[in-house]
Amino acid sequence: MPVFNIATRFHPIRLTAFMKNSVELSVEVENKSGEPYWTEFDVTVPEAVSLAPDRQLQRGRLRVGIINSGECLTGKCKVYGSSASYPDLYTLKVTVYGFGRDGAISAREERKVELRCEQLGR
């Protein structure tokens, strides 16, 4: 049984191909277990997009915070497109980690998310 319920959302819903722009990825994590967890998540993106506006960055980690049983918290990060971002459907990997009271990883869940990149006028 999964410990976390993970929901993702992009705003705006797509990247524009061949130009500098960005979307915001929101990751909502709900703790479905009976214990509180310190929660962080990793985001891994393909080479055509980046997690940094000025250089290639394929992997990043975001701290969400302490989520008590039955609570939800949201973490947000930006995904950047550039002149190298061609029209396609990019698969991003989100891995959520829950750390227990002892500081060790007690729960881990993965979710694949698809980001659409389209050319203007098409």
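Use the structure listed above.
1. Quick notes on the sheet that holds strand E6 (residues 72-81)
What the 3 strands build is an open sheet, ordered E1-E3-E6; its pairing is antiparallel. The sheet is open, and its two edges are formed by strand E1 (4-11) and E6, each paired on a single side. Taken over all neighbouring pairs, the strand axes of this sheet differ in orientation by 20° on average, direction set aside. The pairing of strand E3 (residues 21-31) with E6 spans 10 bridges and is antiparallel. Directly across from Val23, in E6, lies its bridge partner Val79.

2. Points about the packing of aromatic side chains
Counting across every chain of the model gives 2 aromatic pairs. Centroid distance Phe4 to Tyr37: 5.7 Å. Interplanar angle 65°. Geometry classified as edge-to-face. Residue Phe4 is found in strand E1, and its partner Tyr37 is found in strand E4 (residues 37-44); the two are separated by 33 residues along the sequence. One exposure class covers both Phe4 and Tyr37, and it is buried. Their ring planes at 70° and their centres at 5.5 Å tell us that Tyr86 and Tyr90 sit as a pair that is edge-to-face. On the accessibility criterion, Tyr86 (38% relative accessible area) is partly exposed.

3. Section: the pairing of E3
Each regular strand carries side chains that alternate between the two faces of the sheet. Pairing of E1 with E3, which is carried by 8 bridges, proceeds in the antiparallel orientation. Pairing of Phe10 across the sheet is with Leu25, part of E3.

4. Digging into the nonpolar core
Counting 29 residues, the largest nonpolar core has Phe4, Leu25, Val43, Val79 and Leu92 as the members making the most contacts within it. If you list the elements that add at least two residues to this core, you get E1, E3, E4, strand E5 (59-67), E6, strand E7 (88-99) and strand E8 (105-118). Excluding residues within four positions of it along the chain, Leu92 makes contact with Phe10, Leu25, Val43, Thr44, Val45, Pro46, Val79, Arg111, Lys112, Val113 and Leu115.

5. Some details on the pairing of E8
Relative to E8, strand E2 (residues 14-16) runs parallel, the two being bridged by 3 bridges. Residue Leu15 lies in a different strand from E8, and its bridge partner there is Cys117. One ladder, built from 12 bridges, connects E7 with E8; its direction is antiparallel. Across the sheet, residue Leu89 finds its bridge partner in E8, namely Arg116. Count of turn residues in the E7/E8 antiparallel hairpin: 5 residues, of which Gly103 carries a positive phi of about 90°.

6. Side note on the sheet that holds E8
Taken in spatial order, the 5 strands make up an open sheet running E2-E8-E7-E4-E5, and their pairing is mixed. The strands lining the two open edges of the sheet, one partner per strand, are E2 and E5. In this sheet, adjacent strand axes meet at a mean angle of 25° when their direction is disregarded.

Each value, and the rule that gives it
- Residues numbered from 1 in each chain as written.
- Predicted model: local features only at pLDDT ≥ 70, side-chain atom pairs only at ≥ 80, totals over all residues.
- Heavy atoms only, no water.
- Pairing = 2+ DSSP bridges.
- Helix = DSSP H or I, 4+ residues; strand = E, 2+ residues; numbered from the N terminus.
- Axes fitted to C-alpha atoms, helices over the stretch in contact; angles between N-to-C directions.
- Phe/Tyr/Trp six-rings, centres within 6.5 Å; stacked < 30°, edge-to-face > 60°.
- Buried < 20%, exposed > 50% of the residue type's maximum accessible area, 1.4 Å probe, protein only.
- Core = buried A, V, L, I, M, F, W, Y, C linked by side-chain atoms within 4.5 Å.
- Contact = heavy atoms within 4.5 Å.

Fair warning: the whole summary comes from geometry, so function is off the table for now.
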